[in-house]
Amino acid sequence: MASPHAGNVPPGVDPEAFSWFQTVDTDRSGFISVKELKQALVNNNWSSFNDETCLLMINMFDKTRSGRIDVYGFSALLRFIQQWRSLFQQYDRDQSGSISFSELQQAFSQMGYNLSPQFSQLLLARYAQRSPNPSIQLDRFIHICMQLQSLTDAFREKDTALVGNVRLSYEDFLAMVVTRML
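Residues numbered from 1 in each chain as written. Predicted model: local features only at pLDDT ≥ 70, side-chain atom pairs only at ≥ 80, totals over all residues. Heavy atoms only, no water.

Per an unreviewed UniProt entry, the protein chain goes by the name Peflin and belongs to Cyanistes caeruleus.

Structure (structure tokens):
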């Protein structure tokens, strides 16, 4: 197989993604690390993506469990980020470049999550930068939504009657959380 740096776009990889892969792969290894990904991704306020979010995304697209992604994983990751960016922009109703508490509540509701304002406030306190009007940047929005989806899937596996609550042991709960933390 030809090196990703040979100049030939591999089949199934978007040419723009391939070009960006070559730029981001600063050590010319043919793979993107968490560090390289973090240097390549920025939020609307020009801050770098958070380490945890980059690690979550690398793990999601790392088919070999090496902690890095190849050009195919990178191409898929860029499509994934673009989908989340579109959703983020849709919920950023005031076009501020970040998601406020009320926008987050609306986003959760429109995504089908019936979450209390207290829970949304808890997420804001955990993931927003400290300020008088805390808000969520794109990277944290992706992070929250990925974890919410993963934990919801785990909950639904236990909530077979779809009643909205389950009975489980402490160790079952821990196993559910640990196996779902990407």
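### What about the pattern of salt bridges?
Side chains that differ in charge, positive against negative, can pair when their charged atoms come close. By the definition in use, this model includes 3 salt bridges. Notably, a salt bridge pairs Lys 38 with Asp 51, separated by 3.1 Å at the nearest N-O pair. With Lys 38 in helix α2 (residues 34–40) and Asp 51 in helix α3 (residues 51–61), the pair connects residues that are 13 residues apart, well separated along the chain. You can call Lys 38 partly exposed: its relative accessible area is 26%. Under the relative-accessibility criterion, Asp 51 is labelled partly exposed at 44%. A salt bridge links Glu 52 to Arg 126, with the nearest nitrogen and oxygen atoms 3.8 Å apart. With Glu 52 in helix α3 and Arg 126 in helix α6 (residues 117–127), this residue pair connects regions lying 74 residues apart in the sequence. Judged by its relative accessible area of 37%, Glu 52 is partly exposed. Arg 126 sits in the partly exposed class, given a relative accessible area of 45%. Linked by salt bridges that have partners in common, Glu 52, Arg 126 and Arg 140 make up one network. (Salt bridge = Lys/Arg side-chain N within 4 Å of Asp/Glu carboxyl O. Helix = DSSP H or I, 4+ residues; strand = E, 2+ residues; numbered from the N terminus. Buried < 20%, exposed > 50% of the residue type's maximum accessible area, 1.4 Å probe, protein only.)

### Section: the packing of helix α7 (residues 138–158) against helix α8 (residues 170–180)
Helix-helix packing: each pair is described by the crossing angle between the helix axes and the interaxial distance. The N-to-C vectors of α7 and α8 enclose an angle of 140°; their axes lie 9 Å apart at closest approach. One way to sum up the angle between α7 and α8 is to call them oblique. The way α7 lies across α8 gives a crossing that is right-handed. Between α7 and α8, the contacting residues are Ser 150, Leu 151, Asp 153, Ala 154, Phe 155, Glu 157 and Lys 158 on the first element and Met 176, Val 177 and Arg 180 on the second. Its residues placed into classes, the contact of α7 with α8 shows 5 nonpolar, 1 polar and 4 charged. (Axes fitted to C-alpha atoms, helices over the stretch in contact; angles between N-to-C directions. Parallel < 35°, antiparallel > 145°, perpendicular 65-115°, else oblique. Left-handed = near helix turned anticlockwise from the far one by under 90°. Contact = heavy atoms within 4.5 Å. Nonpolar A, V, L, I, M, F, W, Y, C, P; charged D, E, K, R; others polar.)

### Here we look at the UniProt feature "domain: EF-hand" (unreviewed entry) in the protein chain
As recorded in UniProt, the feature "domain: EF-hand" (unreviewed entry) lies at residues 12–47 and 79–114. The distance from the first to the last C-alpha atom of residues 12–47 is 31 Å, and the span holds 47% helix and 0% strand. (UniProt positions renumbered as here; feature names shortened; annotations may be inferred.)

### Quick look at the environment of Phe 88
By the element assignment, Phe 88 lies in helix α4 (residues 71–91). What makes Phe 88 buried here is its relative accessible area of 1%. When the C-alpha positions of Phe 88 and Leu 104 are compared, they lie 9.7 Å apart, and in sequence the two are 16 residues distant. Ignoring sequence-local partners within four residues, the contact set of Phe 88 consists of Asn 44, Gly 97, Ser 98, Ile 99, Ile 136, Gln 137, Leu 138 and Phe 141.

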